[in-house]
Amino acid sequence: MLLEIPNISRNELHIESSVISRPFRKLIDSSDKNLFNGPPEHSRDFVVYASRALFHGDWRKAVEYLFGATKMWKLIPEFEEVKYTLTNKIKEVGFKVLMFRSSRFYDSFSIKDLENLFELSEAQIKALVSKMIIRERFNIKIHEKENIVEIHEQPESQMKTLASVLAEKTKIIIDHNIKIVNYIKEEKAGKYASQKPGATVKNSGDG
């Protein structure tokens, strides 16, 4: 969840985005396809609901869902320490998801607003920005004078992305049709050859 959700957020408009955890991605996709999702019952359901909340930027709801499966967490020693660590990690992931998904709509965020939104200190916000620059190669920076986070990432427009998707699907259909045509030609050629005078049909039972 903590790796795949930021990955999905950054590549949600790309037809061939990288997948970190294929089983987890299938779990999320299966949940998204459901017309109705009831309240979570099993540990897996709580993780899925937490992931969806995190994807939509609600880190508080993600924490609530993730630790909603109380029976599972009671088995872990030093639970409170684990909860504190995971909650901070979810805040960081929520920050990354916001930056990735908002890059198409916003140019900057006030650091003060980000502090209040994620309950992180200014130093933590700046550290996260530095990590995104170095590890994620995300075009983002701190404007010290204005005390804001500036986003300079230029993602593909939705129209361009949809055009790429259409071109890719068209190519697949054309390739498929060519294979069908070639198969039909081979079938006809085989029947024509078997109908020629003097043509013999090999008996598979002959030694």
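Residues numbered from 1 in each chain as written. Predicted model: local features only at pLDDT ≥ 70, side-chain atom pairs only at ≥ 80, totals over all residues. Heavy atoms only, no water.

Caption draft 1: Broad picture of the packing of helix 6 (residues 79-102) against helix 8 (residues 122-134). With their axes 11 Å apart at the nearest point, helix 6 and helix 8 run at an angle of 60° to one another. Accordingly, the angle class assigned to the pair helix 6 and helix 8 is oblique. You can see that helix 6 and helix 8 cross each other, and the crossing is right-handed. Only Ile125, Leu128, Val129 and Met132 of helix 8 make contact with helix 6, whose side of the interface consists of Glu92, Phe95, Lys96, Met99 and Phe100. Looking at side-chain class alone, the contact of helix 6 with helix 8 contains 7 nonpolar, no polar and 2 charged residues. (Axes fitted to C-alpha atoms, helices over the stretch in contact; angles between N-to-C directions. Helix = DSSP H or I, 4+ residues; strand = E, 2+ residues; numbered from the N terminus. Parallel < 35°, antiparallel > 145°, perpendicular 65-115°, else oblique. Left-handed = near helix turned anticlockwise from the far one by under 90°. Contact = heavy atoms within 4.5 Å. Nonpolar A, V, L, I, M, F, W, Y, C, P; charged D, E, K, R; others polar.)

Caption draft 2: The packing of helix 4 (residues 59-66) against helix 6, seen in detail. In the contact formed by helix 4 and helix 6, the axes pass within 9 Å of each other and the chain directions differ by 145°. Where helix 4 crosses over helix 6, the handedness of that crossing is right-handed. Facing Trp59, Ala62, Val63 and Leu66 of helix 4, the residues of helix 6 in contact are Thr87, Ile90 and Lys91. Across the contact of helix 4 with helix 6, the residue classes break down as 5 nonpolar, 1 polar and 1 charged.

Caption draft 3: Summary view of unusual backbone geometry. Residue glutamate 78 is not a glycine yet carries a positive backbone phi of 55°. Take glutamate 78: it is sitting in the loop between helix 5 (70-74) and helix 6. Relative accessible area serves as the criterion here: at 59%, glutamate 78 is assigned to the exposed category. Despite not being glycine, arginine 137 has its phi angle at roughly 55°, a positive value. Counting through the fold element by element, arginine 137 comes out in the loop between helix 8 and strand 2 (140-143). (Buried < 20%, exposed > 50% of the residue type's maximum accessible area, 1.4 Å probe, protein only.)

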